[in-house]
Amino acid sequence: MHATRKVNSDIIYIGAEDRRLQLFENMFPIERGVSYNSYLIRDEKTALLDTVDASVSRQFFENLEYALDGKKLDYMIINHMEPDHCSVIDEIFFRYPEVVLVGNMKTFQMIAQFYSIAIPEERKYVVKEGDTLSLGKHELMFVMAPMVHWPEVMMTYDTSDKILFSADAFGTFGTNNGNIFNDEIDCHGKDFVDDARRYYTNIVGKYGVQVQAALKKAAGIEINMLCPLHGPIWRTELPFIIGLYDKWSRYEAEEQAVAVLYSSVYGNTESAVTALAMKLADRGVKGIQIYDVSKTDVSVMIAEIFRVSHLVIAATTYNNNIFPKMNNLLEDMKALSVQNKKVAVIENGTWAPQSGKLIRQALEEMKGMELIGETVTLKSTAKKTADLDALADAIAASLVE
Ligand code: FEO
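Here the structure is a predicted model, which means the values were calculated and not measured.

Trainee: What's the story with the sheet that holds strand β11 (residues 124-126) in this structure? I'm lost.
Mentor: The pairing of strands in a sheet happens through backbone hydrogen bonds and is either parallel or antiparallel. Spatial strand order, β1-β2-β7-β8-β9-β10-β11: 7 strands in an open sheet with mixed pairing. Lying at the two open borders of the sheet, with one neighbouring strand each, are β1 (5-6) and β11. Pairing geometry for β1 and strand β2 (residues 11-13), over 2 bridges, is antiparallel. Bridge pairing in β2 links Lys6 to Ile12. Across the sheet, helix α1 (residues 57-68) lies against β2, β7 (39-42) and β8 (46-49), angled at about 10 degrees from β7, the strand it touches most. Contacting β10 (100-103) and β11, helix α4 (residues 105-114) runs over the sheet at an angle of about 120 degrees to β10.

Structure follows, in structure tokens:
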């Protein structure tokens, strides 16, 4: 059964939802699933904008056939070559023998890498920045957005309806559940914003500079609607989602708040960070969040690290190194260009505490990481409170600066 909705009189949403997938990119847990958005513009010519993951291709082809309603498919525009959006390119190519594939030079290089289809020149339309394609009433313009989130990424701007098909940008985890528009869901709610932040920070977080470049381009055009490849279509409150992307890509905290990230083998480091949290609360600090690195998915912690201004990193020493799960988090922070945080460090080690020194070294490899207070060293357990009191004083003072 087809499952589609009209975006406007000429554009139909023909994406599909994946509620079965456990791990997006075989890495990120997606409790609320994910949508793979795809759009068909019906004009004198028809144009398909991106496709879907192979897992939902049956639904997608039913949607496409319904939306075409007997018309032939003239163009397939490929804004992004990651397989969650293009794994049926070859099937489209063979099913619709007249379709012309539209992409940039890098798009076609990647098609050759992923697929074994010989595309004749007359079925290729290679575009670059600012090139256009007329469908009749709809004039499309192509805007390159390299590294948001792969090098070939481009966006397609419908100059007639002022709609930006924005590829991964402004996307989120979570299925659309029929409500494909942002004004049909609680887009300010915690569930939605947490998913959007976790999606952005883990998938595109590394590419803040490139996202800023794309936002600058977007600021130069009038946009009535944002149609991303995941999550809702934004037809109201565009400044809200653009503002979040702007903040995240500038590595600016959303909130003056503290996230405590700890590893603890037998509960003693955990006891120390809980005591520290109590002391912070006594000093008026609200909204403290504590995460056990052994139990919390790294993508959740990365999103929190982007959200808050202050971190407490508390880790045991393990094999003369940082506890492996904390080490993994620090490596992920480096890989995703985490920057501009105020960080307090607690180390633990029964005979040779090393983790504090190694955490500080890891932080030095990130930009704009400012240490707060003295590293607190625990030897097995926290025997005295003075060091934790001093650290709580330093964190609380830094929060009100
Ligand atoms: Fe949703 Fe970069 O793919």
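Trainee: Explanation requested: the nonpolar core in the structure shown.
Mentor: One recurring pattern in soluble globular proteins is that nonpolar side chains are buried together. One finds Leu64, Ile89, Ile92, Leu101 and Ile111 to be the most contacted residues of the largest nonpolar core, which totals 68 residues. Elements supplying a minimum of two residues to this core: β6 (34-36), α1, α3 (89-95), α4, β14 (154-158), α5 (190-204), α6 (208-219) and α7 (238-249). Broken down by element, this core gets its largest block of residues, 7 residues, from α5. When near neighbours in sequence (up to four residues on either side) are disregarded, Ile89 contacts Met76, Ile78, Met81, Leu101, Ile111, Tyr115 and Ile117. Ranked by size, the runner-up nonpolar core spans 29 residues in total, among them Met301, Ile322, Phe323 and Met326.

Trainee: Please clarify how the pairing of strand β17 (residues 255-262) should be interpreted in this entry.
Mentor: On a regular strand, each side chain points to the face opposite its neighbour's, so the side chains alternate between the two faces of the sheet. Counting buried positions along β17 gives 6 out of 8 residues, so the element sits mostly inside the fold. By the bridge criterion, 6 bridges tie β17 to strand β19 (residues 308-318) in an arrangement that is parallel. Bridge pairing links Glu255 to Val308 in β19. In this sheet, strand β18 (residues 289-292) lies alongside β17 in parallel orientation, the contact comprising 4 bridges. Directly across from Tyr262, in β18, lies its bridge partner Asp292. Considered for its hand, the β-α-β crossover made up of β17, helix α8 (residues 268-282) and β18 is right-handed.

Trainee: Just to check I follow, could you spell out the pattern of salt bridges for this structure?
Mentor: Oppositely charged side chains may form a pair once their charged atoms are brought near each other. Within the structure shown, the criterion is met by 27 salt bridges. Between Glu184 and Arg5 there is a salt bridge, with its nearest N and O atoms 2.7 Å apart. Highlighted residues: Glu184 in the loop between β15 (163-165) and α5 and Arg5 in strand β1, separated in sequence by 179 residues. Taking the relative accessible area as the measure of exposure, Arg5 reaches 30% and is therefore partly exposed. A salt bridge links Asp74 to Lys72, with the nearest nitrogen and oxygen atoms 2.5 Å apart. Of the residues examined, Asp74 reaches a relative accessible area of 8% and is grouped as buried. Its relative accessible area of 39% is what places Lys72 among the partly exposed residues. What emerges from the salt-bridge pattern is a single network uniting Arg5, Asp183, Glu184 and Arg235.

Analysis parameters
Residues numbered from 1 in each chain as written. Predicted model: local features only at pLDDT ≥ 70, side-chain atom pairs only at ≥ 80, totals over all residues. Heavy atoms only, no water. Pairing = 2+ DSSP bridges. Helix = DSSP H or I, 4+ residues; strand = E, 2+ residues; numbered from the N terminus. Contact = heavy atoms within 4.5 Å. Axes fitted to C-alpha atoms, helices over the stretch in contact; angles between N-to-C directions. Core = buried A, V, L, I, M, F, W, Y, C linked by side-chain atoms within 4.5 Å. Buried < 20%, exposed > 50% of the residue type's maximum accessible area, 1.4 Å probe, protein only. Right-handed = clockwise from strand over helix to strand, strands pointing away. Salt bridge = Lys/Arg side-chain N within 4 Å of Asp/Glu carboxyl O.

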